Amino acid sequence: MPAITVENTLALPRVAAPAGAVARPVLAVTTAPTGYEGEGFPVRRAFAGINYRHLDPFIMMDQMGEVEYAPGEPKGTPWHPHRGFETVTYIIDGIFDHQDSHGGGGTITNGDTQWMTAGSGLLHIEAPPESLVMSGGLFHGIQLWVNLPARDKMMAPKYQDLRSTSVGLLTSPDGGALLRVIAGELDGHAGPGATHTPITLIHATLAPGAELTLPWREDFNALAYTLAGRGTAGPDRRPIHTGQTAVYGKGNSITIRADDQQDAHTPDLDVILLGGQPIREPMAHYGPFVMNTRDELQQAFEDFQKGRLGTVPTVHGMNAEGPAQG
């Protein structure tokens, strides 16, 4: 799981919760069901079964892979629409191409993130490059959907290309954890992602036996999704393992600990740490559209069907076939 790594974590700035911090308890641990997305790549639905009041402003998150493709097997998604939210695609291993009808896009690989604000709407496609299709190889990443408040849902689309070299790197006091701050800030250290809804997005890697206690904004929710490995979450040390999400309660610090012994194929505990300021507005969600009312959803479908969300560039010779997630 390379993403971005460093040889000596002790050379990085260190972060820890202040003395007297109030530890957030773990309210629940859920296990992600598996499924398939797009043209058939495997995913884990990280937030399935979690009440939306604990997720807001996040809508869904898929762990894509981890999968080792044979030649000819790599898959992506066809052209499809989005409106009313942001998609965040973080590639840990492998490579992915993106293009949208608003002119955004590019190639992201180990540790890169594409941040697409759909806003008023666009069409986009995500697919492995032809070279990966021919050769096969490892593919692993996440896609997160972040809601937009009503005032921003019809804003102009925007695309951010976040390279791994711009990610904020931090460690724990003992150097046992590597923290990659992708968006938001942690103890005054900011990530490169510019967000309309205040959030924090971190990919943390903990060595066996390492414990991580971080300051966390009291007005944010807090979630920890386990990409790989085994450990515990919260002051009560609730067990967590690959494919599970820990939902935290109130407080101003969060704790994660890696088990002393890990499996041979997952030497460390890797987690996605998420927090955001709840929007607390009505949400109407269906397929690729996230609005505030059913009437707005109906308008989104009508606008898509009438071509108002953009057109597929003719160089591809493809047509958008209908609403899909991804």
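The shown structure was predicted, so the numbers you read here are calculated from the model rather than taken from an experiment. All residue numbers refer to position in the chain's written sequence, counted from 1. Side-chain atom pairs in this predicted model are given and counted only at pLDDT of 80 or more, local residue features only at pLDDT of at least 70, and totals for whole chains, interfaces and linings cover all residues. Side-chain metrics in this entry use all non-hydrogen atoms of the structure; hydrogen atoms and water are not considered.

A look at the overall build of the protein
Using the following cut-off: Secondary structure follows DSSP: runs of H or I at least 4 residues long count as helices, runs of E at least 2 residues long count as strands, and numbering of each begins at the N terminus. Two things to know: the radius of gyration comes from C-alpha atoms, and the globule rule equals 2.2 Å times the number of residues to the power 0.38. Whether a residue is buried, partly exposed or exposed follows from its accessible area with a 1.4 Å probe, protein chains only, as a fraction of its type maximum: under 20%, in between, or over 50%, in that order. Contact definition: two residues touch when any of their heavy atoms are within 4.5 Å. Note that accessible areas follow from Shrake-Rupley with a 1.4 Å probe, and for residues the cover is restricted to the protein chains shown. Charged-residue counts in this description rest on Lys and Arg as positive and Asp and Glu as negative, His and the chain ends being excluded. To locate a charge, take NZ of a lysine, CZ of an arginine, CG of an aspartate or CD of a glutamate.
Across its full length, the protein carries three helices and 26 strands. Rg of the C-alpha trace for the protein: 19 Å, near the compact-globule value of 20 Å for 326 residues, within the 12% margin. For the C-alpha atoms alone, the extent of the protein along its principal axes is close to 55 × 45 × 30 Å. Every one of the 326 residues in the protein was classed for burial, and the buried ones make up 56%. Long-range pairs, those at least 24 residues apart, make up 74% of the contacts in the protein between residues at least 6 apart in sequence. Looking at the protein as shown, the accessible area adds up to about 13200 Å², and 50% of this sits on carbon and sulfur atoms. With 22 positive and 35 negative side-chain charges, the protein shows a spacing of 7 Å between the two charge centroids.

Quick look at helix α3 (residues 294-305)
What counts here: Helix span is expected to be 1.5 Å times the residue number reduced by one. Here the arc refers to the set of directions running from the helix axis out to each C-beta atom.
Along its twelve residues, α3 runs 17 Å from first to last C-alpha, staying within 8% of the 16 Å computed at 1.5 Å per residue. For α3, every residue scored as buried is listed here: L297, A300, F301, D303 and F304. Buried residues in α3, looked at end-on, bunch into an arc of 165 degrees, giving them a common side. Turned more than 90 degrees from where α3 packs its buried face, D295, Q298 and Q305 sit exposed. Contact partners of the buried residues in α3: β5 (77-82), β10 (122-127), β25 (284-286) and β26 (289-291). Downstream of α3 by a residue or two, G307 has a phi angle that is positive, lying close to 80 degrees.

Focus on unusual backbone geometry
Between D56 and the following residue, P57, the backbone shows a cis peptide bond with an omega angle of 20 degrees. The residue after G65, namely E66, is reached through a cis peptide bond having omega 10 degrees. With respect to the secondary-structure elements, E66 resides in strand β4 (residues 58-69). Of note, the phi angle at R237 is positive, near 55 degrees, even though the residue is not glycine. Topologically, R237 is positioned in the loop between β20 (230-233) and β21 (238-241). In this model, R280 sits at a positive phi of 60 degrees, which is unusual for a non-glycine residue. Considering the arrangement of structural elements, one finds R280 in the loop between β24 (269-276) and β25. Given the relative accessible area of 68%, R280 is considered exposed.

Points about the packing of aromatic side chains
Going by this rule: Between the rings of Phe, Tyr and Trp (Trp by its six-membered ring), a pair exists once the centres lie within 6.5 Å; its type follows the angle of the planes, with under 30 degrees stacked, over 60 edge-to-face, and the other angles tilted.
Applying the stated criterion to the full structure yields four aromatic pairs. Taken together, a centroid distance of 5.7 Å and an interplanar angle of 50 degrees make the contact between Y286 and F301 tilted. Placement of the pair is Y286 in strand β25 and F301 in helix α3, with a sequence separation of 15 residues. Taking the relative accessible area as the measure of exposure, Y286 reaches 55% and is therefore exposed. A connected cluster of aromatic rings, assembled from ring pairs, spans Y286, F289 and F301.

What to know about the environment of G72
On the secondary structure map, G72 appears in the loop between β4 and β5. Residue classification places G72 among the exposed residues on the basis of a relative accessible area of 54%. With residues up to four places along the chain from it excluded, the contact list for G72 reads V133 and M134.

Some thoughts on the sheet that holds strand β7 (residues 95-100)
Test applied: Any two strands are treated as partners once DSSP identifies two or more bridges connecting them. Between the N-to-C directions of two axes lies an angle of 0 to 180 degrees, each axis being a line fitted to C-alpha atoms and, for a helix, fitted only over the stretch in contact.
An order of β5-β10-β7-β8 is seen for the four strands of this open sheet, with the pairing classed as antiparallel. Both outer strands of the open sheet, β5 and β8 (105-109), are each paired with one neighbouring strand and no more. If you compare each strand with its neighbour and ignore which way they point, the axes differ by 20 degrees on average. Of the pairings in the sheet, the one linking β7 to β8 comprises five bridges and is antiparallel in character. Of the residues in β8, the one forming a bridge with Q99 is G105.

Notes on the sheet that holds strand β11 (residues 137-147)
Across the sheet, seven strands lie side by side as β2-β3-β4-β11-β6-β9-β12; this open sheet has antiparallel pairing. Since the sheet does not close on itself, it has two edges, and those belong to β2 (34-37) and β12 (158-162), each with one partner. The average angle at which neighbouring strand axes cross in this sheet is 25 degrees, direction not considered. The sheet contact formed by β2 and strand β3 (residues 41-45) spans four bridges and is antiparallel. For G35, the partnering residue across the bridge sits in β3 and is V43.

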